[in-house]
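# A closer look at the structure
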Amino acid sequence: MSGGPAVRISIESSCEKQVQEVDFHGTETYVPPLSMSQNLTKLAQRIDFSQGSDSEEDGADGEPRDREWGKQETEEEEGTVKFQPSLWPWDSVRNNLRSALTEMCVLHDVLSVVKEKKYMALDPVSQDPNTPQVFQLISKKKSLATAAQLLLKGAEKLSKSVAENQENRRQRDFNAELLRLRSQWKLRKVGDKILGDLSYRSAGSLFPHPGTFEVIKNTDIDLDKKIPEDYCPLDVQIPSDLEGSAYIKVSIQKQAPDIGDLGTVNLFRRTQKSKAGPPWHVKLEAAQNVLLCKEIFAQLSREAVQIKAQIPHIVVKNQIISQPFPGLQLSISLCHSTGEKKSSRASPEKPKPDDHLYVLEHNLHQMMREFHKQQLSSVVMPHPASAPFGHKRLRLAGPMAYDKAEISSLQQSEGLLEKIIKQAKHIFLRSRSIQLQLNIGVEQIRVVHRDGRVVTLSHQEQELQDFLLSQMSQHQVHAVQQLAKVMGWHVLSFSNHVGLGPVESIGNASAITVASPNGEYAISVRNGPESGCKVLVQFPRSQIKELPKSDVVQDAKWSQLRGPHKEVNWSKMEGRNFVYKMELLMAALTPCP
């Protein structure tokens, strides 16, 4: 301003926060601003109390100070007092008094700050190295408490991390098991549920049961405890009527019980074998088997009601009774066990004989699958829109067309019940045809064979015993021959008098070799009165891993030939007698259509 005293302006730095640290992800950490007491302490540290203000002690420093004050006074009074001389006699005294006043003000401010403790708190520094033990224990206790708190927080974070990892791992395991389940069973998403299909509709089944199961997540496991080895993160819920296991029992009895005694029977005595695989797969396979058995029994019951026979078939709850011959009863029962309730009728003291015909049960399953295949082919294959699918002559007109009788004969087909009754009749007649007739006279015994041959024996007991042993040996070989015709096997060789092998002291050994319908397997049976029965099975070369490679036979077509024979442990085969065991062996080696 012109004509007035000059004004001094002090400029301070902008109050920007200083950056203390920059993290790896770009976050900046700032230095917190100083409080009022910290700022005052910082300013007080700039005061140099060791520098003297007396002019006598340090004359050299007095002159520049005098000059500064002189310059300041001249600058301040330059505009108003222009007549004042530049050198004043009391200038040094004034300067000393001003510096003393400044130091006293600073000392007063320091003392007031220390005394009032409004802006600064001073903690005394202990110079004594011998600190009391009480204070040491308190400080250690505080340090340990702080460390323990940090450790507890870290442990809590670790436990949460482990729980999250286990939950994520369980979710991954569930997705992996779900993918494995989807590769073996049909699944679909309905809302928030995952449903599967157990039925055989895709294979041609017409059974109305939905056969739907639900896939759920197994949450019964406790994450804090150790996870068991057989734990599976996936579980399935099947319908209650498909739980447990079931099978179709087919038996032939000579005495028929009264109709009033029939009803719901529990004939379940089959031992359940443990199957390898995940729990959900075993449960679904058992449920699907129960569904198939129910479909077979429902089809048999429907045919039993519809077929008009001379002796009506009886259907009572889970049992079907038919009479192929007078005095002979064919019983077909659906045996279903849920594993919850045990049969009160079955007494362990007097077990009933197992008269179940496993071959007929196997044939029922095969015929039902053939029925599925026929239904599937008739639905999927293209057919004319204006005429039924079949032979071309069915759609032709004129003298070459089929008449009503021919068409009805083509459309007639046997059902499951008729086929199984025919097989049961054949089995019964075969069991009656292999018998001998003994005519015991006064001095001799006449034996009449089934083919009409007559053999006369003396009164010697050993002679009759040897004859019966040789007949038993030949009878088993003949049974294999007849059984091969029923099962569709081919007889390759047959001999009642084998010239190879050990020599029998009583009669001769008999042998037979039969091949499966597709020619892949072969069964050889050798039976002697003394050596007993020996059964060998010949497998294809492609199924034998131990077979050494030949340098001569290298073409791939020779791998379809049968390899060496392997003996069957006949005593461990399931079955009541020799014929049942042989039927089971042939059924196991017969390929499915």
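The rules behind each value
Numbers given to residues run from 1 along each chain, matching the order in which its sequence is written. Residues qualify for local features only when their pLDDT is at least 70, as the model is predicted, and side-chain atom pairs are given and counted only at 80 or more; totals for whole chains, interfaces and linings, by contrast, use all residues. To obtain the side-chain values, all non-hydrogen atoms of the structure were used and water was disregarded. UniProt positions are given in the numbering used here, feature names are shortened, and annotations may be inferred rather than shown by experiment. Here a strand pair is declared whenever DSSP counts at least two bridges between the two strands. A run of H or I in DSSP counts as a helix once it spans at least four residues, and a run of E counts as a strand once it spans at least two, with each numbered from the N terminus. The angle between two axes is taken between their N-to-C directions and runs from 0 to 180 degrees, where each axis is a line fitted to C-alpha atoms and a helix contributes only its stretch in contact. Put simply, the grid is 1 Å and covers the protein atoms alone, a cavity is a trapped set of points that fit a 1.4 Å probe, a pocket is an open set with protein on both sides within 12 Å along at least five of seven lines, and lining residues have an atom within 4 Å of a point. Grid points are joined across faces, edges and corners, and a volume is the space filled by probe spheres set on the points. By the convention adopted, Pro, Cys, Tyr, Trp, Phe, Met, Ile, Leu, Val and Ala count as nonpolar, Lys, Arg, Asp and Glu as charged, and the other residues, Gly among them, as polar. Here the limits of each domain have been adopted from an automatic or database domain assignment. Remark: exposure states derive from per-residue accessible area (1.4 Å probe, protein chains only) relative to the maximum for the residue type, with buried under 20%, exposed over 50%, and partly exposed in between.

Under the annotation held in an unreviewed UniProt entry, the protein carries the name Mediator of RNA polymerase II transcription subunit 17 and is attributed to Poecilia reticulata. Check the Sequence similarities (unreviewed entry) section of the UniProt entry for the protein; it says "Belongs to the Mediator complex subunit 17 family." Here is the UniProt Subunit (unreviewed entry) comment for the protein, exactly as written: "Component of the Mediator complex."

Let us look at the sheet that holds strand β12 (residues 445-448). Across the sheet, which stays open at both edges, the 3 strands sit in the order β11-β12-β13 with antiparallel pairing between neighbours. In this open sheet, the two strands that pair with only one neighbour each are β11 (437-440) and β13 (454-457). Across this sheet, the average inter-strand angle for adjacent strands is 20 degrees, counted without regard to direction. Where β11 lies against β12, 4 bridges are found, and the strand directions are antiparallel.

Within this structure, the stated rule accounts for 2 cavities of 30 Å³ or more. Approximately 90 Å³ is the volume attributed to the largest cavity. Lining the largest cavity we find 12 residues, and of these L357, Y358, V359, Y580 and E583 sit closest to its centre. At the level of elements, α6 (358-380), α8 (416-433) and α10 (578-589) are the ones that each hand at least two residues to the lining of the largest cavity. Grouping the constituent residues of the lining of the largest cavity by class yields 7 nonpolar, 2 polar and 3 charged. Composition of the lining of the largest cavity by domain shows at least three residues from each of domain 1 (181-339 + 355-377) and domain 2 (433-543 + 558-589).

Topologically, A44 is positioned in helix α1 (residues 36-45). You can call A44 partly exposed: its relative accessible area is 34%. Separated by 62 residues in sequence, A44 and V106 have C-alpha atoms that sit 8.7 Å apart.

All right, on to the sheet that holds strand β7 (residues 245-253) then. Taking strand neighbours across the sheet as the criterion, the 4 strands line up as β7-β10-β9-β8 in an open arrangement whose pairing is antiparallel. Looking at strand neighbours, the two that pair on one side only are β7 and β8 (314-316), the edges of this open sheet. Across this sheet, the average inter-strand angle for adjacent strands is 15 degrees, counted without regard to direction. In this structure, β8 lies alongside strand β9 (residues 319-322), joined through 3 bridges in antiparallel fashion. Paired with V315 across the bridge in β9 is I320.

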